[in-house]
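Summary of structural features
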Amino acid sequence: MEKMAKIERITIPENKRVICISDIHGALDLFKRLLEKVKFSDDDILILLGDYYLKGPQNHETLKYVMELSQKDNVHALRGNCDAVGEILAPYADFTMEPQEIEWAENLPHIIESQDYIFVHGGLTSENLHEQQAMTCMKNDAFMEKGLIFSKWLVTGHWPVNNYCHKIACYDPIVNEEQKIIAIDGGMGTHAYGQLNAFIIFNGSFSFDSVDDFPLYQAEKSQVESGGNLHITWNDRFVELVERGEDVSVYRHVATGVTLSIPDEMTWVESDGKLAAAHGTDYFLPVTAGETVSAVKWFGDRIYAKKNGVCGWIGVDSA
């Protein structure tokens with residue numbers, strides 16, 4: 001029998017900031033930097049939406065830090081799919097949990113509900129919280145694309161927001177007013193080009209801040225915005241090779257038929273022999289000479305860069 005979701009109910013007073021952070025994935029230094037950047041204090045409410053460890057550089061340190069934080073009255077922690085034990089941890093033989101850590105993780109709620117908001121790592125199947133299964137709350141891929149509409153705002157993590165971006169990749173939180181769903185997972189630990197987001201609720205208004213650890217790059221020349229016809233997301237990641245280049249080749253995206261140039265190191269062959277690509281895009285960012293952006297990765301005559309959360313190419317002179 002499937003385990004049912006554990007629900008925690010809280011009251012959010014007026015004039016209190018609610019800071020929501022999801023999918024830290026062992027990035028403890030960035031997590032601490034983000035808390036400092038948003039000036040988190042005992043006057044705020046901090047809601048952590050799960051996936052605290054695995055896939056990152058400081059997994060055990062992050063777990064211990066989140067455990068300590070969660071002892072504070074103003075901090076509430078949810079359980080994500082990577083915070084489960086047993087089968088989830090099986091591939092991570094180098095990560096072992098002490099009995100008290102396992103107990104802490106297993107006792108975390110799957111849903112937090114307040115007067116106007118519901119917080120869950122993965123997603124829900126309906127507004128009836130008492131019929132929710134634990135695993136569905138923790139792992140609910142592409143949740144916002146399932147067409148559900150809620151009467152309370154639903155804040156989720158788990159599915160990196162750039163996977164909802166089929167034209168131009170952006171790692172900033174998404175506020176879907178029609179469905180009343182807010183997706184905040186910036187892809188930290190699961191996407192090489194991600195960021196850690198803090199989504200902030202204050203008296204019904206929304207804002208956010210973010211951090212990443214990419215080096216800064218000052219554009220040598222201006223370029224206009226171009227492309228934006230396709231960003232390859234995880235669920236539609238399959239491509240076909242059209243023309244082999246030295247470092248960057250031409251590929252056809254299977255799902256759409258769009259042809260675009262992708263660095264070869266962004267592609268791989270899956271176990272079934274299919275060729276896949278991560279984050280392929282034909283989008284070139286608008287930049288002015290001297291403007292500073294994050295240089296995510298350098299590929300010959302182009303840089304995969306991030307500007308205000310949006311990723312795309314910047315053309316540069318080859319070395």
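Residues numbered from 1 in each chain as written. Predicted model: local features only at pLDDT ≥ 70, side-chain atom pairs only at ≥ 80, totals over all residues. Heavy atoms only, no water.

**Some points on the layout of surface pockets**
By volume, the second largest pocket is sized at about 280 Å³. As for the second largest pocket, its lining consists of 17 residues, of which Ser210, Asp212, Ser294, Asn308 and Gly309 are closest to the centre. Sorting the residues of the lining of the second largest pocket by element identifies helix 1 (28–37), strand 11 (205–211), strand 18 (292–299) and strand 19 (302–307) as the ones contributing at least two each. Taken together, the residues of the lining of the second largest pocket break down into five nonpolar, six polar and six charged. (1 Å grid on protein atoms, 1.4 Å probe; cavity = no way out; pocket = protein on both sides within 12 Å on 5 of 7 lines; lining within 4 Å. Points joined across faces, edges and corners; volume = space filled by probe spheres on them. Helix = DSSP H or I, 4+ residues; strand = E, 2+ residues; numbered from the N terminus. Nonpolar A, V, L, I, M, F, W, Y, C, P; charged D, E, K, R; others polar.)

**Here we look at the sheet that holds strand 19**
The four strands are arranged 12-18-19-20 in an open sheet whose pairing can be described as antiparallel. In this open sheet, the two strands that pair with only one neighbour each are strand 12 (216–218) and strand 20 (310–315). Strand-to-strand twist of the sheet, defined as the mean angle between neighbouring strand axes without regard to direction, takes the value 50°. Where strand 12 and strand 18 come together, three bridges link them in antiparallel fashion. Paired with glutamine 218 across the bridge in strand 18 is threonine 292. (Pairing = 2+ DSSP bridges. Axes fitted to C-alpha atoms, helices over the stretch in contact; angles between N-to-C directions.)

**Some details on the side chain of glutamine 179**
Turning to its location among the elements, glutamine 179 is positioned in the loop between strand 8 (174–176) and strand 9 (181–183). A relative accessible area of 11% means that glutamine 179 is categorised as buried. Within the structure, glutamine 179 has its side chain in polar contact with the backbone oxygen of leucine 148 (distance 2.9 Å). Once residues lying within four places of it in the same chain are set aside, the contact partners of glutamine 179 are Met144, Gly147, Leu148, Ile149 and Phe150. (Buried < 20%, exposed > 50% of the residue type's maximum accessible area, 1.4 Å probe, protein only. Polar contact = N/O pair within 3.5 Å; in protein donor to acceptor, adjacent residues only side chain to side chain. Contact = heavy atoms within 4.5 Å.)

**Focus on the sheet that holds strand 10 (residues 196–202)**
One open sheet holds the five strands; their spatial order is 4-3-2-10-11, and the pairing between them is mixed. This sheet does not close on itself; its edge strands, each paired only once, are strand 4 (75–77) and strand 11. Direction aside, the axes of adjacent strands within the sheet are offset by 20° on average.

**Side note on the pattern of salt bridges**
Under the definition given, this model contains 14 salt bridges. Linking glutamate 265 and lysine 297 is a salt bridge whose minimum nitrogen-to-oxygen distance equals 2.3 Å. With glutamate 265 in the loop between strand 15 (259–263) and strand 16 (267–269) and lysine 297 in strand 18, the pair connects residues that are 32 residues apart, well separated along the chain. Lysine 297 gets classed as partly exposed once you look at its relative accessible area, which sits at 33%. It is possible to trace a salt-bridge network through shared partners that takes in Arg9, Glu113 and Lys152. (Salt bridge = Lys/Arg side-chain N within 4 Å of Asp/Glu carboxyl O.)

**With respect to the packing of helix 1 against helix 2 (residues 59–69)**
Packing of helix 1 against helix 2 leaves a shortest axis separation of 9 Å and a crossing angle of 35°. Packed against helix 1, whose contacting residues are Leu28, Phe31, Lys32 and Leu35, the element helix 2 presents Glu61, Thr62, Tyr65, Val66 and Leu69 at the interface. Class assignment for the residues of the contact of helix 1 with helix 2 results in six nonpolar, one polar and two charged.

**A short note on the state of the cysteines**
This model, assessed by the stated rule, comprises zero disulfides. Considering cysteine sulfurs only, cysteine 137 is the nearest to cysteine 20, which forms no disulfide, with 17 Å between them. For cysteine 20, a relative accessible area of 0% translates into the label buried. As a non-bridged cysteine, cysteine 311 has cysteine 170 as the owner of its nearest cysteine sulfur, 8.1 Å distant. Given the relative accessible area of 1%, cysteine 311 is considered buried. (Disulfide = S-S within 2.5 Å.)

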